[in-house]
Amino acid sequence: MLCARRVGGLGTRAAAAWPERAGLGRLGARIRARGVSTSWSPVGAAFNVKPQGRRLDLFGERRGLFGVPELSAPEGFQIAQENALRKADSLVARVCSLPPGPRTVLLFDELSDSLCRVADLADFVKIAHPEPAFREAAEEACRSIGTAVEKLNTNVELYQSLQKLLADPKLVDSLDPETRRVAELFMFDFEISGIHLDKEKRRRAVDLNVRILDLSSTFIMGTHFPNKIEKHLLPEHIHQNFVVTGNHVVVDGLHAEAPDDLVREAAYKIFLYPNAGQLHCLEELLSNRDLLAKLVGYSSYAHRALQGTIAKNPETVMQFLEKLSDKLSERTLKDFEMIQGMKMKLNPQNSELMPWDPPYYSGVIRAERYNIEPSLYCPFFSLGACMEGLNILFTRLLGITLFAEQPARGEVWCEDVRKLAVVHESEGLLGYIYCDFFQRADKPHQSLPKNMVSRLCESKKVCAAAEMQLQVFYAALDQIYHGKHPLRASTTDILRETQERFYGLPYVPNTAWQLRFSHLVGYGAKYYSYLMSRAVASMVWKECFQRDPFNRAAGERYRREMLAHGGGKEPMLMVQGMLQKRPSIDDFVSALVSDLDPDFETFLMDSE
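Residues numbered from 1 in each chain as written. Predicted model: local features only at pLDDT ≥ 70, side-chain atom pairs only at ≥ 80, totals over all residues. Heavy atoms only, no water.

## Considering helix H9 (residues 177–192)
- The terminal C-alpha atoms of H9, which comprises 16 residues, lie 22 Å apart, in line with the 22 Å expected from a rise of 1.5 Å per residue.
- Regarding H9, its N-cap is Asp176, as a side-chain oxygen of that residue lies 3.1 Å from the backbone nitrogen of Glu178 further along.
- One or two positions beyond H9, positive phi appears at Gly194, with a value near 90°. (Helix = DSSP H or I, 4+ residues; strand = E, 2+ residues; numbered from the N terminus. Expected span 1.5 Å × (residues − 1). Polar contact = N/O pair within 3.5 Å; in protein donor to acceptor, adjacent residues only side chain to side chain.)

## Overview of unusual backbone geometry
- Residue His485 is joined to Pro486 through a cis peptide bond whose omega torsion reads 0°.
- Mapped onto the elements of the fold, Pro486 is located in the loop between helix H19 (464–481) and helix H20 (491–502).
- Even without being glycine, His255 reaches a positive phi, approximately 50°.
- Its place among the elements puts His255 in the loop between strand E3 (248–251) and helix H11 (261–271).
- Judged by relative accessible area, which is 26%, His255 ranks as partly exposed.
- A positive phi angle is found at Gln580, which is not glycine, with a value near 60°.
- Within the element layout of this structure, Gln580 appears in the loop between helix H24 (571–579) and helix H25 (585–594).
- The exposure class assigned to Gln580 is exposed, which follows from its relative accessible area of 60%. (Buried < 20%, exposed > 50% of the residue type's maximum accessible area, 1.4 Å probe, protein only.)

## Quick word on the sheet that holds strand E1 (residues 227–230)
- As summarised here, the arrangement of the three strands in space is E1-E3-E2, forming an open sheet in which the pairing is antiparallel. Only two strands of the sheet have a single neighbouring strand rather than two, namely E1 and strand E2 (243–245). Averaged over all pairs of adjacent strands, the angle between strand axes in this sheet comes to 30°, irrespective of strand direction.
- Both E2 and E3 contribute to a ladder of three bridges, which runs antiparallel. Paired with Val243 across the two strands is Val250, which belongs to E3. (Pairing = 2+ DSSP bridges. Axes fitted to C-alpha atoms, helices over the stretch in contact; angles between N-to-C directions.)

## Observations concerning the pairing of E3
- Examined bridge by bridge, E1 and E3 share four bridges and lie antiparallel to one another. Of the residues in E3, the one forming a bridge with Glu230 is His248.
- Counted along the chain from E2 to the antiparallel partner E3, the turn is two residues long, and its residue Gly246 has a positive phi close to 60°.

## What about the pattern of salt bridges?
- Enumeration according to the criterion identifies 29 salt bridges in this entry.
- Notably, a salt bridge pairs Lys345 with Glu368, separated by 3.2 Å at the nearest N-O pair. Here Glu368 lies in helix H15 (residues 358–370) and Lys345 lies in helix H14 (residues 314–346), a separation of 23 residues in the sequence. Taken as a pair, Lys345 and Glu368 share a single burial class, namely exposed.
- One salt bridge connects Arg552 with Glu556, and the closest N-O pair in it is separated by 2.9 Å. Placement of both Arg552 and Glu556 in helix H23 (residues 552–563) is noted, with a separation of four residues, approximately one turn of the helix.
- Among the charged side chains, a network of salt bridges with common partners joins Asp123, Lys126, Glu139, Glu140, Arg143 and Asp214. (Salt bridge = Lys/Arg side-chain N within 4 Å of Asp/Glu carboxyl O.)

## Quick word on the sheet that holds strand E6 (residues 428–435)
- Strand order in the open sheet formed by three strands is E4-E5-E6, and the pairing between neighbours is antiparallel. Where the open sheet ends on each side, the last strands, each with one partner, are strand E4 (400–405) and E6. Each adjacent strand pair in this sheet contributes to an overall mean axis angle of 30°, direction not counted.
- In this sheet, E6 lies alongside strand E5 (residues 418–424) in antiparallel orientation, the contact comprising seven bridges. Bridge pairing in E6 places Val422 opposite Gly431.
- The sheet strands contacting helix H17 (residues 383–398) are E4, E5 and E6, and the helix crosses E4 at an angle near 140°. (Contact = heavy atoms within 4.5 Å.)

## Focus on the side chain of His482
- Among the secondary structure elements, His482 is positioned in the loop between H19 and H20.
- Taking relative accessible area as the criterion, His482 reaches 1% and is therefore assigned buried.
- A distance of 3.4 Å separates the side chain of His482 from the backbone nitrogen of Ala525, its partner in a polar contact.

## Quick word on the packing of helix H5 (residues 102–128) against helix H7 (residues 156–166)
- Taken N-terminus to C-terminus, the directions of H5 and H7 make an angle of 145°; their axes are 10 Å apart at the nearest point. The two elements H5 and H7 cross, and the hand of that crossing is left-handed. Listed contacts from H7 to Thr104, Val105, Phe108 and Leu111 of H5 are Leu158, Ser161, Leu162 and Leu165.
- Along the lines of polarity and charge, the residues of the contact of H5 with H7 split into six nonpolar, two polar and no charged. (Left-handed = near helix turned anticlockwise from the far one by under 90°. Nonpolar A, V, L, I, M, F, W, Y, C, P; charged D, E, K, R; others polar.)

## Overview of the confidence of the model for the protein
- The share of residues in the protein with pLDDT of 70 or more is 85%, and the mean pLDDT across the chain is 86.
- The element-level mean pLDDT for the protein is lowest in helix H2 (residues 24–34), coming to 32, with helix H12 (residues 276–295) highest at 98.
- Every residue in residues 602–608 scores below 50 in pLDDT, and together they form eleven contacts with partners more than four places removed in sequence or on other chains. (pLDDT = per-residue confidence, 0-100.)

So, in structure tokens, the structure goes:
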């Protein structure tokens, strides 16, 4: 879709919308004038200081969220979206009136950007803002812009402007590789939206897309709704672990870290108890996605969603998942045996391993084996310490420094939100990042002993095969749901079969975990990408950074080959450019599995 092709994070985009960017001189002057008396840099100090409401400039000019003037009130989203849609109409008219050429692609990009500036910002605000009025206004803006995008993706005149460009060999040869890639991506968006269909079918495609947007929003909200049960149906001694309202116990999560087995079991069975409305919503969402995919010429939604990705098609994804599952199987069984052994040790009366057990007991094993006691590590990981570490990484690898900035009145949605200016040593101000973190105040700031760092990293490998196997199960389920339709069974029966095949722990009757699987919306047919991205990260680390994590040349290469392109370069070509080879499915699998192996150096340090 048009909006999906823009590159850049929310902070950068919001900064671009800001009418007054701070020059480097004024920025540096403000930082020097701050004169923070601490051993931290200004960034570390800013995140380790308790927020003071007065520092938000309560008496200054109210600028609006992210410095966007319209967003000083919820009604501003209506104004922002109307402005964006008017500009979009103007740009469409210009594209359609100009002869095809490089300018065509630039106008398409500007068209996408004008809509995404509002849509991306609204997509964040609808989740993060504490005020319901802002969230609702942002939600409506997302829906409005999304509908407009779907209509643009079936605009025949707009499509023909781009088609004429790409059909002319001389014009195509005049485009630089990145511009050509962007043009091809826009053309791809048209094609998967059914631009080649007749008028009636194009209208049907738009209607399906709008319905899918509505169902997606409804499903996402349903994944967060708590479930409740009558008090007398639960043992009284565990009521204190939940919210009790009247005659009911309300369960709003899995309570995966609760030490009491009964609490975790109750939370699992109650929170995952199937809701008929949510089940119907999921079934309709999957069905409509399948109808859309077939309408525009694909055999399944997965085939439509995966075209243009690093995997290309669902067959490759399933090959990746099946190979990874095979490689993990023995390690996973050993992890389960180890987890069950710990459960037997702590609860010999009920030692059967169930799906609510691994998160808790694997944590117990990590703490026991590596002495990972939170109180020992927390002093080293204050928010300021973490941001200081990020700042050091960005500076050493990319020549980028983060500077704490004072937000204007109305610019942020909560007083503990921090604003950072992102400044490159030669390119200047790149944009702003708004950090909405829970702050840990008054934490000591001692650079953590190496043996503790190693121990903490190694502890993550404990039961990691079982955790990775769980991700394989989730990814496989996602592929099946978005594969051949009609589905061969109910979504719950498919869940049970897939869990038995790809995970190993028993399905619990009268539960429907898929109804809490919010990634089915944003990552439909693409959940596998979490695993494949981890594999790419592992290969890049080992090939380029393991020997010298602060190597500036490697950092610049990483920015040039991977970060700089956004959606402007084919994913596999970016990976190939960084690694100097084209990785295979076996390479991806090997990278993930090798990360599970213990680091011998850690054991040497622990023995010193």
